[in-house]
Amino acid sequence: MATETKTLADLGGVKTVAAAPEAAPVRVQKLDKLGRAYATGKRKDAVARVWLKPGKGMITVNTKDFKAYFARPVLQMMLQQPLNLANRATQYDIRITVAGGGLSGQAGAVRHGISKALTYYEPELRGVLKKQGFLTRDSRTVERKKYGKVKARKSFQFSKR
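Note that the coordinates shown come from a computational prediction; the quantities given were computed from them, not determined experimentally.

K.L.:
So what's going on with the nonpolar core? Which residues, and what values?
P.N.:
Counting residues in hydrophobic clusters, the biggest one holds 31 residues, and the most contacted among them are Leu52, Phe70, Ile94, Ile96, Val110, Ile114 and Leu118. Those elements that provide at least two residues to this core are β1 (37–43), β2 (46–54), β3 (59–61), α2 (66–69), α3 (73–85), β5 (92–99) and α4 (103–121). When residues of this core are assigned to their parent elements, the largest contribution, seven residues, is made by α4. If we skip the residues at most four places from it in the chain, Val110 touches Ala48, Val50, Phe70, Leu79, Ile96 and Val98.

What follows is the structure in structure tokens.
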């Protein structure tokens, strides 16, 4: 049975092991059998699955060109932000399938997925993309409707009569 220590002097003989400072984790390339980096991006209710491989810079979303799928220039710009930031706009072919939510949420999900896939293919880009906030999942979603209310917080019109 273990001896019980009762005084401070008894604890003097107990040795403490100081934890060695841990080095920063080494990031390695994560590729599938076909040499592609795969990542999932999310925003609101949209989920984007992204496959990234070396190529000429083609971006296809749900088998369409991304300019045809995202017609608004703002959404096209959102998609290309991580590639332009890393100066890799014409180095990778990207195939994306996206579902759920609206176009704005889907564009945000695609941007998140492209950023994650870039860091899986080139781990040294992580610092640049993280500093801009592209690797952080935007967790804001629509608040649910409550009973007795018109919407999440809006009430029915009050009448004294």
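Following the structure, the description resumes.
K.L.:
Any chance you could break down the packing of aromatic side chains for me, citing the residues and the numbers?
P.N.:
Summed over all chains, the structure comprises three aromatic pairs. Measuring from ring centre to ring centre gives 5.1 Å for Tyr38 and Trp51, while their planes differ by 45 degrees; the resulting arrangement is tilted. Of this pair, Tyr38 sits in strand β1 while Trp51 sits in strand β2; the two residues are 13 residues apart in sequence, bridging distant segments of the chain. A relative accessible area of 34% places Tyr38 in the partly exposed class. Accessibility expressed as a relative area gives 13% for Trp51, which makes it buried. In this structure, Arg95 is placed above the aromatic ring of Trp51, and the distance from its NZ or CZ to the ring centre is 4.5 Å.

K.L.:
Tell me about the pattern of salt bridges, and please be specific about residues and values.
P.N.:
Enumeration according to the criterion identifies six salt bridges in this entry. The partner of Arg88 in a salt bridge is Glu122, with the nearest N and O atoms 2.7 Å apart. Of the two residues, Arg88 sits in the loop between α3 and β5 while Glu122 sits in the loop between α4 and α5 (126–131), which places them 34 residues apart along the sequence. Glu122 shares its class with Arg88; the two are buried. Put simply, Glu143 and Lys146 hold a salt bridge, and the shortest N to O gap is 2.5 Å. Relative accessible area serves as the criterion here: at 37%, Glu143 is assigned to the partly exposed category. Classification of Lys146 by relative accessible area gives partly exposed; the value is 26%. It is possible to trace a salt-bridge network through shared partners that takes in Arg43, Asp138 and Arg140.

Calculation notes
- Residues numbered from 1 in each chain as written.
- Predicted model: local features only at pLDDT ≥ 70, side-chain atom pairs only at ≥ 80, totals over all residues.
- Heavy atoms only, no water.
- Core = buried A, V, L, I, M, F, W, Y, C linked by side-chain atoms within 4.5 Å.
- Buried < 20%, exposed > 50% of the residue type's maximum accessible area, 1.4 Å probe, protein only.
- Helix = DSSP H or I, 4+ residues; strand = E, 2+ residues; numbered from the N terminus.
- Contact = heavy atoms within 4.5 Å.
- Phe/Tyr/Trp six-rings, centres within 6.5 Å; stacked < 30°, edge-to-face > 60°.
- Lys NZ or Arg CZ within 6 Å of the ring centre and 35° of its normal.
- Salt bridge = Lys/Arg side-chain N within 4 Å of Asp/Glu carboxyl O.

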